[in-house]
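The chain contents come next:
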Amino acid sequence: MAGQEISKGESLLLKGHRHACHIMIHADTDAKLFGKTPIKHIVLMQMRFDGLLGFPGGLVNPGEETLEAGLSRELWEEIGVALKVGPEDHCSSCLALSPPNLVTHFYTKKLSEEEVREIERAAVSSAADHGLEVMGMFRVPLYCLKRGGGFPSFLLHAFVGSARSQLISGLRALGLLSPAQLQAALAKAEE
Ligand code: APR
Ligand code: MG
Ligand code: MG
């Protein structure tokens, strides 16, 4: 479940709150699964140390760094790439349901397929958190196969915080899946 939406500016005025920033990195692709099902879009997520699925990123301290600088620092630790993130990449901010007094900020960034491959290589070979906070990066299957395979099955996993809602809202906002495709996948996942 998602928390309450809040503007980024308003959230920074809150006293005694911690802030976490996470990002959905994505790219277009012409690849086809089994040579016939178009993959269309690559979206990166990670298996976390706690066994839950989430987006790369983490806790930042707006008193010492901007949200975007903190997110870039977390990405350096978690994916081993110096990815520049700016205010224009911000998508939404939320008051988390748990833990208390946490604001989660969600960003999205489009890269080329080759840049995504570079991140995947670095995430394994040079990221400091590989095998520690991060058990591995992976691509989200966004297509729908027979009997709910693909995205509907993916939605049944356990996600940290509001990562599942962030994924769905990010896909909707960027038009990577249509409202009808999202609705169909959510309905299938609930069967
Ligand atoms: N939506 C909402 N909350 C999230 C999301 C998300 N997509 N992803 C993570 N969180 C929550 C986590 O539950 C955590 O409380 O945000 C907080 C920070 O995110 P992390 O990515 O886990 O933070 P990071 O700085 O990378 O790692 C620090 O070390 O001390 C431990 O448990 C602590 O998870 C924390 C980790
Ligand atoms: Mg981290
Ligand atoms: Mg993290």
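The structure we're discussing is the one just above.
Residue numbers run consecutively from 1 along every chain, following the written order of its sequence. Chain labels run from A onward and ligand labels from 1 onward, assigned in the order the entries are written. It should be noted that, the model being predicted, local features are given only for residues of pLDDT at least 70 and side-chain atom pairs only at 80 or more, the latter also being counted only at that level, while totals for whole chains, interfaces and linings use all residues. Side-chain metrics in this entry use all non-hydrogen atoms of the structure; hydrogen atoms and water are not considered.

Colleague: Sorry if this is basic, but what is going on with the overall build of the chain here?
Modeller: Starting at the N terminus, helices and strands are each numbered in turn, a helix being any DSSP run of H or I of at least four residues and a strand any DSSP run of E of at least two. Looking only at helices and strands, the chain features six helices and 10 strands. Relative to the compact-globule value of 16 Å for 191 residues, the chain shows a C-alpha radius of gyration of 16 Å, a close match. Its C-alpha atoms give the chain principal-axis dimensions of roughly 50 × 35 × 30 Å. Residues are treated as being in contact if the distance between any of their heavy atoms lies within 4.5 Å. Taking all contacts inside the chain whose residues are at least 6 apart in sequence as the whole, residues at least 24 apart take part in 65%. Carbon and sulfur atoms provide 56% of the accessible area of the chain, an area that totals close to 9900 Å². Separation between the mean location of the 19 positive side-chain charges and that of the 22 negative ones in the chain comes to 9 Å. The size measure is the radius of gyration over C-alpha atoms, and the globule rule it meets is 2.2 Å times the number of residues to the 0.38 power. Shrake-Rupley sampling with a 1.4 Å probe provides the accessible areas, and residues are treated as covered by the protein chains on show and by no other component. In this tally, Lys and Arg are treated as positive and Asp and Glu as negative; His is ignored, and so are the chain termini. A charge is said to be at NZ when it belongs to Lys, at CZ for Arg, at CG for Asp and at CD for Glu.

Colleague: Please explain the pattern of salt bridges as it appears in this structure.
Modeller: Close approach of charged atoms allows side chains with opposite charge to pair. Salt bridge criterion: a side-chain nitrogen from Lys or Arg within 4 Å of a carboxyl oxygen from Asp or Glu. Tallied over the full model, the rule gives 12 salt bridges. Two residues, Asp28 and Lys110, come together in a salt bridge whose shortest N-O distance is 2.8 Å. Here Asp28, found in strand 2 (residues 18-28), pairs with Lys110, found in strand 9 (residues 102-110); they are 82 residues apart in sequence, far enough to count as distant. The partner of Arg73 in a salt bridge is Glu65, and the shortest N-O contact between them spans 2.8 Å. To sort residues, take the accessible area from a 1.4 Å probe on protein chains only and compare it with the maximum for the residue type: under 20% means buried, over 50% means exposed, and anything in between is partly exposed. By relative accessible area, Arg73 is classed as partly exposed at 32%.

Colleague: Is there a simple way to explain the coordination of the magnesium ion (ligand 2) in this structure?
Modeller: In an ideal octahedron of six donors the angles at the metal are 90 or 180 degrees, and in an ideal tetrahedron of four donors they are 109.5 degrees. Note on the magnesium ion (ligand 2): its protein donors are Glu74 (OE), Glu78 (OE) and Glu133 (OE). The metal-donor distances range over 2.0 to 2.5 Å. Here a donor is any nitrogen, oxygen or sulfur atom (N, O, S) within 2.8 Å of the metal, with 3.2 Å used for Na, K and Ca; water is not among the atoms considered, so some sites may look incomplete. Linear spacing of the donor residues for the magnesium ion (ligand 2) on their chain is E-x3-E-x54-E. Between the magnesium ion (ligand 2) and the magnesium ion (ligand 3), both coordinated by Glu78, there is a metal-metal distance of 3.3 Å. A residue pair is termed long-range when its members are at least 10 positions apart, and Glu78 in helix 2 (residues 67-79) and Glu133 in the loop between helix 3 (113-125) and strand 10 (134-139) qualify at 55 residues.

Colleague: Explanation requested: the nonpolar core in the structure shown.
Modeller: Residues Met24, Val43, Met45, Phe151, Phe154, Leu167 and Leu171 are the most contacted members of the largest nonpolar core, which totals 21 residues. Among the elements that take part in this core, helix 5 (residues 163-174) stands out by supplying four residues, more than any other. Buried residues of nine kinds, namely Ala, Val, Leu, Ile, Met, Phe, Trp, Tyr and Cys, make up a nonpolar core once their side-chain atoms join them within 4.5 Å. In terms of nonpolar packing, the next biggest core, distinct from the first, is built from 19 residues, Leu44, Val85, Val116 and Ile119 among them.

Function cannot be read off these values alone, since they describe shape.
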